[in-house]
Amino acid sequence: MATNNISRDGAHKSPWQQELPGVRSKSHLTKDGQIYDCVVIGGGITGLTAALRLQQQGKQTIITEAHTIGFGTTGGTSAHINTFADTTYAEAESAFGEEGAKLFAEAIAGGFKRIKTNIETEQIACDYAPKTGYLYAENDDEVKQLADIYKGALKAGIAVQYTSAVPTPVTYKQALAFDGQAQFHPLKYLKGLQKAYLQAGGVILENTLIKTVKTEDHIHIAIAADREIKAKAVVYATHIPPNINLFNFECAPYRSYVMAVKLKSGKYPDALIYDCQEPYHYVRTHMIGGEELLLAGGLDHKTGHGDPEKAFGELEKYIRKYYSVSSVKYKCSSQYYVPADGLPYIGKMPMAADGIYCATGYNGNGMMLGSIAGEILADLVSTGKSKYEQLFSPSRIKPIDSFSELVKENADVAWHFVAGRFGLHETDSLKRLEKDQGKLVEVDGEWIAAYRDKDGHIHALNPVCTHAGCIIKWNSEEKSWDCPCHGARYDFDGRVLTGPATKDLAKIKSEETRP
């Protein structure tokens, strides 16, 4: 099913997607009645890692991707590979004990190792380069925070030391150095995984949005608009599982911003550098299209809550404050989910049939956690066991009585918006809508989501998110409608860009197009 022909989940392509736009697969036809060992839903780093591992273990698998390989967060990441995480090891110890913190550190290192092993084994040319990571404090409160991070890292067995030689123009009080970090080109890496997977006999179906999964006689049936795929196991590698589920209440969606700039000086830092601000900033260097560029990012905020235009503006202001910028080459944003208790949810899907697995809540550490999640999920599918099974188990979420029925009821009420009851005509509020602008406007007493394209045509939609009934918000930078509740996103024409929604927004026809 061709859902749309967009190459990423927003108007701004990442540097990786600009340089390598064609991480695509040939469509494969499935045999009628064929039962796969596992269907992996989602073609990012988690899905490809899990599917490749299963395929190489002798399982017959199939990947379904709603858009194209690398369409989502993996294609928009800043691609840092670290031994430390957004959830500090001190925080992990506080919530899960010393052994839990050590196991979390081991998992982060395991994800790092999985990436490096895949690169070496599959001979993937993806700009992989070892780097030192630096984390610095600019005030006394941050110095205390740095001390906690230092102690927690040492207890978890992570190599770290204090340093006074951070390659940054920012004035700082204290800093930590983490040796043995790395960076890479995420789409080149993903393309390498894809090639190895197909060579191992795997099947990839792009532009195939799985709406739901039903189970009959212990066989799972993944249902898309134009086909059904049967499998003994299902892996949701979709960043967050689709539709209504417990994770909607345990994972908060965030947008993060990245800019790639050319410097006048030509002096680029050969390191991964982070501050301790909230929200924080980071910088690193990468050769993109044969040109050395500074990548800087941060200014994260909850999806649908902040101002994307302001975030990019503040990020550029920050970069220009410390670096002599010649030009801004690229800018993009991507999404991640923050788990309620700090650790990801990887394992058996709560309140689902046996044999259905998922992974979500990576925070800003999707490269490492997505990679180790791929390993964990593959192990659970093939053997039913993983040493990380208990620590990351989604079953640590405590279900709320009747929560699903409650949310479904609310969504159903909201869905009775009268989108089909009236025709759209040029009211004063619509006339004030400028070209390439979107906003919620009131027409005949009803609110609609309206976007006027560059040619002056209006694209009018039901403003109620099809996932759980929240009201969407216009993202002026990515030209998308974003849900501030659970992070579902739609393009200006209402088509689903990212879950947990699986249903497009309802269109409202203008009076001149009505029969």
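Residues numbered from 1 in each chain as written. Predicted model: local features only at pLDDT ≥ 70, side-chain atom pairs only at ≥ 80, totals over all residues. Heavy atoms only, no water.

Could you give me a rundown of the pattern of salt bridges, with the residues and numbers involved?
Using the criterion set out here, one finds 20 salt bridges in the structure. Between E93 and K155 there is a salt bridge, with its nearest N and O atoms 2.8 Å apart. Here K155 lies in helix α4 (residues 140-155) and E93 lies in helix α3 (residues 89-122), a separation of 62 residues in the sequence. Linking D354 and K348 is a salt bridge whose minimum nitrogen-to-oxygen distance equals 3.7 Å. (Salt bridge = Lys/Arg side-chain N within 4 Å of Asp/Glu carboxyl O. Helix = DSSP H or I, 4+ residues; strand = E, 2+ residues; numbered from the N terminus.)

Give a description of the environment of G306 that names residues and reports values.
Relative to the helices and strands, G306 is located in the loop between β16 (291-302) and α7 (308-322). Here the alpha-carbon distance between G306 and R255, two residues 51 residues apart in the chain, equals 8.8 Å. Not counting chain neighbours up to four residues away, the residues in contact with G306 comprise H301 and K473. (Contact = heavy atoms within 4.5 Å.)

Report on the state of the cysteines, specifying residues and quantitative values.
The tally for this structure, following the rule as stated, stands at one disulfide. Here C470 connects covalently by a disulfide to C485, the sulfurs 2.0 Å from one another. Disulfide C470 to C485: torsion about the S-S bond roughly -105 degrees, handedness left-handed. On the criterion of sequence distance, the pair formed by C470 in the loop between β22 (458-461) and β23 (473-475) and C485 in the loop between β24 (480-482) and β25 (489-491) is long-range, its members being 15 residues apart. Accessibility expressed as a relative area gives 16% for C470, which makes it buried. The class for C485 is partly exposed, based on a relative accessible area of 33%. Summary of cysteine pairing: C251 is not part of a disulfide, and the nearest cysteine sulfur, belonging to C358, is at 9.1 Å. According to the relative accessible area criterion, C251 is buried, its value standing at 4%. (Disulfide = S-S within 2.5 Å. Buried < 20%, exposed > 50% of the residue type's maximum accessible area, 1.4 Å probe, protein only.)

Kindly report on unusual backbone geometry, identifying the contributing residues and their values.
That bond from E278 to P279 is cis: its omega, 0 degrees, falls within 30 degrees of zero. Its place among the elements puts P279 in the loop between β14 (272-275) and β15 (281-288). Between G499 and P500 the backbone carries a cis peptide bond, its omega angle lying at 15 degrees. Inspection of the secondary structure assignment puts P500 in the segment after β26 (496-498). Positioned with a positive phi, A79 is a non-glycine residue whose angle comes to about 60 degrees. Along the chain, A79 falls in the loop between β3 (61-64) and β4 (80-81).

Quick one: what's the story with the sheet that holds strand β10 (residues 219-223), residue by residue and with numbers?
Neighbouring strands of a sheet are bound in pairs by backbone hydrogen bonds; such pairs are parallel or else antiparallel. Spatial strand order, β1-β11-β10-β9: four strands in an open sheet with mixed pairing. Of all the strands in the sheet, the pair left with one neighbour each is β1 (35-36) and β9 (212-216). (Pairing = 2+ DSSP bridges.)

Quick rundown of the packing of aromatic side chains? Include the residues and the values.
As enumerated under the stated definition, the model contains 17 aromatic pairs in all. Through pairs of rings, three or more aromatic residues link up here, namely F84, F178, Y274, Y280 and Y282. Taking the ring centre of F312 as reference, the NZ or CZ of K331 above it sits at 4.9 Å. (Phe/Tyr/Trp six-rings, centres within 6.5 Å; stacked < 30°, edge-to-face > 60°. Lys NZ or Arg CZ within 6 Å of the ring centre and 35° of its normal.)

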